[in-house]
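Each chain, written out:
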Amino acid sequence: MLNITMIGCGAIGIGALELLEKDPDLCVDAVIVPENSEELVRQRLAGFVRPPRVLTALPADARPDLLVECAGHRAIEEHVLPALERGIPCLVVSVGALSELGLAERLEAAARRGGTYIELLPGAIGGIDALSAAKVGGLDAVLYVGRKPASAWKGTPAEQVCDLDSISEATVIFQGSAREAASLYPKNANVAATLSLAGLGLDRTEVQLIADPHSSENVHRVEARGAFGGFEMTLRGKPLAANPKTSALTVYSVVRALGNHAHSLSI
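Below or above, wherever it landed, is the structure these notes cover. (Residues numbered from 1 in each chain as written. Predicted model: local features only at pLDDT ≥ 70, side-chain atom pairs only at ≥ 80, totals over all residues. Heavy atoms only, no water.)

**Observations concerning the packing of aromatic side chains**
Consideration 1: Following the criterion strictly, the structure yields 3 aromatic pairs and no others.
Consideration 2: Seen from their ring centres, Trp153 and Tyr185 are 5.6 Å apart, and the 85° between their planes marks the pair as edge-to-face. You can see Trp153 sitting in the loop between strand S7 (139–149) and helix H6 (158–161) and its partner Tyr185 sitting in the loop between helix H7 (178–184) and helix H8 (190–198), a full 32 residues away along the chain.
Consideration 3: Ring plane angle 65° and centroid distance 6.2 Å describe the contact between Phe174 and Tyr185, whose orientation is recorded as edge-to-face. With Phe174 in strand S8 (residues 171–177) and Tyr185 in the loop between H7 and H8, this residue pair connects regions lying 11 residues apart in the sequence. In this pair, the class of Phe174 matches that of Tyr185, namely buried.
Consideration 4: Ring-pair connections join several aromatic residues into one group, and the members of that group are Trp153, Phe174 and Tyr185.
Consideration 5: We note Lys148 situated over the ring of Trp153; from NZ or CZ to the ring centre the distance is 5.7 Å. (Phe/Tyr/Trp six-rings, centres within 6.5 Å; stacked < 30°, edge-to-face > 60°. Helix = DSSP H or I, 4+ residues; strand = E, 2+ residues; numbered from the N terminus. Buried < 20%, exposed > 50% of the residue type's maximum accessible area, 1.4 Å probe, protein only. Lys NZ or Arg CZ within 6 Å of the ring centre and 35° of its normal.)

**Some points on empty space enclosed by the protein**
Consideration 1: Under the defined criterion, the tally for this structure stands at 1 cavity of 30 Å³ or more.
Consideration 2: Considered as a void within the structure, the largest cavity measures approximately 80 Å³ in volume.
Consideration 3: Leu17, Leu20, Glu21, Leu26, Cys27, Val28, Phe48, Arg50 and Pro52 together form the lining of the largest cavity.
Consideration 4: Mapped onto the lining of the largest cavity, the elements with two or more residues apiece are helix H1 (11–20) and strand S2 (26–32). (1 Å grid on protein atoms, 1.4 Å probe; cavity = no way out; pocket = protein on both sides within 12 Å on 5 of 7 lines; lining within 4 Å. Points joined across faces, edges and corners; volume = space filled by probe spheres on them.)

Structure below.
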């Protein structure tokens, strides 16, 4: 059985835990949460058959088989980097954090020193295998267009671009590089950052973000072309009920990745 420690127990973490509890090959032994949310998380987990322990940090003597980050960008610095130094393999959902200059290199260096690895999960997007393969042959251009319900952009710089409560048609709220998108929209940047790391990098990946008052889905469109040929892909992801900024596919991506590590056959 694979013993897992999860960082974070919000909408993504709870959704993943509910599905993982049905898998006999996996055991989420503990969750790591901020100190001020311990009791709230214990209440959330009370209905689970196998509720994990609630911690605020990874104990010095702990050696989980995998550490899975589902908590946001700050958790990378606080928990993932030290775990890699200790030789603990890590799976990361908040790939947008790697748009911070030098962080990807620091994570790779920490993993090398610890003799382990870090795996970046695709989350809400697909086609990462095809894009990575195309990069080997030579990529010329990658465009990502992210379309979400207008309400999903509240609390972001989009509020300075337009009135999200009153727009009547789809409105472009950002156009530029993936690095700029990640800086301005860090909580919505994971898809663009993942595509960038798989493909042309943060500065050469083009991004367009759209607020659509008529959409009830998170729509991701990717266009790529190069020596391999070209492809276009559109995913229409239902948002998590608990957090409209996040696609439900992100939860399933975590479950799939852990299953691939635990099961005898993976794809």
